[in-house]
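Residue strings, one per chain:
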Amino acid sequence: RSLVVVHFWAPWAPQCAQMNEVMVALAKEHIQVTFVKLEAEAVPEVSEKYGISSVPTFLFFKNSQKVDRLDGAHAPELTKKVQRHAASSSVSAGSSDSTKEDLNVRLKKLINAAPCMLFMKGSPREPRCGFSRQMVEILNKHGISFSSFDIFSDEEVRQGLKTYSNWPTYPQLYVAGELIGGLDIVKELEASGELDTVCPKAQKLEERLKKMINKAPVMLFMKGSKQVARCGFSRQIIEIINSTGVDYETFDILEDEEVRQGLKSYSNWPTYPQLYVKGELVGGLDIVKELKESGELLPILKGEN
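The structure reproduced in this document is the subject of the present report. (Residues numbered from 1 in each chain as written. Predicted model: local features only at pLDDT ≥ 70, side-chain atom pairs only at ≥ 80, totals over all residues. Heavy atoms only, no water.)

Some thoughts on the packing of helix α10 (residues 232-244) against helix α12 (residues 285-294)
So, point 1. Contact pair α10 / α12: the axes reach a minimum separation of 10 Å and the direction vectors enclose 30 degrees. Classed by the angle they form, the pair α10 and α12 counts as roughly parallel. Two packed elements cross with a definite hand, and for α10 against α12 that hand is left-handed. Contacts between α10 and α12 pair Phe-233, Gln-236, Ile-237, Ile-240 and Ser-243 from the former with Leu-285, Val-288, Lys-289 and Lys-292 from the latter. (Axes fitted to C-alpha atoms, helices over the stretch in contact; angles between N-to-C directions. Helix = DSSP H or I, 4+ residues; strand = E, 2+ residues; numbered from the N terminus. Parallel < 35°, antiparallel > 145°, perpendicular 65-115°, else oblique. Left-handed = near helix turned anticlockwise from the far one by under 90°. Contact = heavy atoms within 4.5 Å.)

Structural notes on unusual backbone geometry
So, point 1. Backbone torsion omega between Tyr-170 and Pro-171 reads 5 degrees, so that peptide bond is classified as cis.
So, point 2. With respect to the helices, strands and loops of the structure, Pro-171 is situated in the loop between α6 (155-165) and β7 (172-175).
So, point 3. Cis geometry marks the peptide bond from Tyr-272 to Pro-273, where omega comes out at 5 degrees.
So, point 4. One non-glycine residue, Asn-268, adopts positive backbone phi at about 55 degrees.
So, point 5. Mapping Asn-268 onto the fold places it in the loop between α11 (257-267) and β11 (274-277).
So, point 6. Take Asn-268: its relative accessible area is 67%, and that puts it in the exposed class.
So, point 7. Even without glycine at this site, Lys-278 takes up a positive phi of about 50 degrees. (Buried < 20%, exposed > 50% of the residue type's maximum accessible area, 1.4 Å probe, protein only.)

Side note on the nonpolar core
So, point 1. Residues Val-218, Leu-220, Ile-241, Leu-275 and Leu-301 are the most contacted members of the largest nonpolar core, which totals 19 residues.
So, point 2. Counting residues per element, the ones that place at least two in this core are β9 (218-222), α10, β11, α12 and α13 (297-301).
So, point 3. Sort the elements by how many residues they give to this core and α10 lands first, with four residues.
So, point 4. Discounting residues that sit within four places of it in the chain, Leu-220 has contacts with Ile-237, Ile-238, Ile-241, Tyr-248, Glu-249, Thr-250, Phe-251, Pro-273, Gln-274 and Leu-275.
So, point 5. Counting residues in hydrophobic clusters, the runner-up holds 16 residues, among them Met-135, Val-136, Ile-144 and Val-186. (Core = buried A, V, L, I, M, F, W, Y, C linked by side-chain atoms within 4.5 Å.)

What follows is the structure, encoded as structure tokens:
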């Protein structure tokens, strides 16, 4: 009945070792919480079932039901989530009121996370119900720029948002923090011609990708960041680039599904990481390794070749 926190980790990722230390400290503080470590690559069927695509990832369970998730090495956020769920699984009306208040603050932040926010079942690429699929099709057809939240990934948000918005079903569409409504409302707005004036238009993806690729002379599109790589290939390429001493910027493709999928087509390169110099694709990890071995990498990164 108590809270169970499962850490999906990998021995090659230093950030996982750091988060294991955080878990040890939290276990001492919250003796009623069970903390478990699972090596993600050793249990592929479990990792696939829960959509574990990077490490570290934390899943929270209560009464054998998944109630929350945290992707990445975010010690303060892990601490907050453990505290919140541990408090809600313990006791009094007072702590229950405080948890409700915390949830409302979190819901407000999520609703305002983008000018146009869609709370749906699944993701825009893989909707997990017909109503969510139809909503995504309408928004895409009108070139509307939106971010989304998968309510299946967080049971607390899924139930809490119904009360917060006084709207009992999903999907739910918000613009500038205000509820527009569900699929029926959006269909009515489309039929009346009002949808295009209510929702912000998307910048064309190709233009957006071009700007991102040219944001810095050396741009690396990867899983994670310079500080915390979230896959082995990204970690290796960062170590190689760091060894050259050349300045570069990174973009975490895990934070933007549109960029993650769009850049594969734009560059005609199907995997990540991807390295660009002066707006031109150099390649992925294998190419960078070859360039380092041949002595060509540094001149290319400096724009000399």
